[in-house]
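Geometric and topological summary
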Amino acid sequence: MALTDDITLLSKVPLFEDFNDEMLRLIAFGSERKKVAKNRPLFHEGSSADCAFVVMSGHFKLMQRDRKGKPVQVGEADVGDLLGELAIISSANRKVTAMAEEDSEVMRIHRPMFRRMMEEYPEIAKMFSDRIKRNLAVMLDEITKLSPRFEEPGST
């Protein structure tokens, strides 16, 4: 894939949709490509996360262990999806295992490179902060909608 193709794909990733071409070029140029064979993991639940991945081709099944330790599918990732976005700004552990459903390729975005970009372009930190706030607002709204299910009968 050419650099221009990488930039086009990155521009469609929700976290990067407001980035200008120069910012996207820096991400594409500063990242590395990784191939993942069918039925192989990209990363495992609980492992240390020091980067994010953009799915460039292929498809991933996202698995998480249930209370009994059995892997259960909790999601999917397709071309243009970003996996582990918080890992590009802070230390974290992977919440899921990402398993390739077919031969796939990802772009690995390293935390140190992304942090340097935030120093160079402070507006990136603002965009990231705004996205986190929006995600939290959506999550809180969903929790609020579920709260009646957990109320005791007659406790209003």
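The preceding data block contains the structure.
Because the structure is predicted, anything quoted here is derived from the model rather than measured.

Criteria and cut-off values
- Residues numbered from 1 in each chain as written.
- Predicted model: local features only at pLDDT ≥ 70, side-chain atom pairs only at ≥ 80, totals over all residues.
- Heavy atoms only, no water.
- Pairing = 2+ DSSP bridges.
- Helix = DSSP H or I, 4+ residues; strand = E, 2+ residues; numbered from the N terminus.
- Contact = heavy atoms within 4.5 Å.
- Axes fitted to C-alpha atoms, helices over the stretch in contact; angles between N-to-C directions.
- Buried < 20%, exposed > 50% of the residue type's maximum accessible area, 1.4 Å probe, protein only.
- Polar contact = N/O pair within 3.5 Å; in protein donor to acceptor, adjacent residues only side chain to side chain.
- Arc of directions from axis to C-beta.
- Phe/Tyr/Trp six-rings, centres within 6.5 Å; stacked < 30°, edge-to-face > 60°.

1. Considering the sheet that holds strand S10 (residues 104-110)
On the basis of which strands lie adjacent, the open sheet formed by four strands has the order S1-S10-S4-S7 and antiparallel pairing. Across the chains shown, the open sheet's two edge strands, defined by having one partner strand only, are strand S1 (32-36) and strand S7 (82-83). Examined bridge by bridge, strand S4 (residues 51-57) and S7 share two bridges and lie antiparallel to one another. Opposite Val54, over in S7, you have Leu82 as the bridge partner. Packing of helix H1 (residues 3-11) onto the sheet brings it into contact with S1, S4 and S10, and relative to S4 it is tilted by some 110°.

2. A few points about the side chain of Glu105
Inspection of the secondary structure assignment puts Glu105 in strand S10. On the accessibility criterion, Glu105 (16% relative accessible area) is buried. For Glu105, the side chain forms a polar contact with the side chain of Arg33, separated by 3.3 Å. In contact with Glu105, other than residues within four places in its own chain, are Arg33, Lys34, Lys35, Val54, Val55, Met56 and Ser57.

3. Overview of unusual backbone geometry
Its identity as a non-glycine residue notwithstanding, Asn39 has a phi of 65°, on the positive side. With respect to the secondary-structure elements, Asn39 resides in the loop between S1 and strand S2 (41-43).

4. Comments concerning the pairing of strand S9 (residues 97-100)
One ladder, built from two bridges, connects S2 with S9; its direction is antiparallel. Among the inter-strand pairings, Phe43 is bridged to a residue of S9, identified as Ala98.

5. Side note on H1
Listed as buried for H1 are Asp6, Ile7, Leu9 and Leu10. Summarising the axial view, the buried residues of H1 lie within an arc of 165°, below the 170-degree limit, and thus occupy one face. Residues of H1 that are buried make contact with helix H2 (21-30), S1, S4 and S10.

6. Remarks on the sheet that holds S9
Read across the sheet, four strands follow the order S2-S9-S5-S6 without closing on themselves; strand pairing throughout is antiparallel. Both edges of this open sheet fall to S2 and strand S6 (71-78), since each of them pairs with a single strand only. Averaged over all adjacent pairs, the angle separating strand axes in this sheet is 30°, with direction ignored. As paired elements, strand S5 (residues 59-65) and S6 share seven bridges and run antiparallel to each other. Note that in S6 the partner of Arg65 across the bridge is Pro71.

7. Section: the packing of aromatic side chains
For the structure on display, the rule yields three aromatic pairs. Arranged with centres 5.1 Å apart and planes meeting at 55°, the rings of Phe16 and Phe19 form a pair that is tilted. No difference in accessibility class separates Phe16 from Phe19, as the two residues are buried. Taking the centre distance of 6.3 Å and the plane angle of 45° together, the rings of Phe16 and Phe114 count as tilted.

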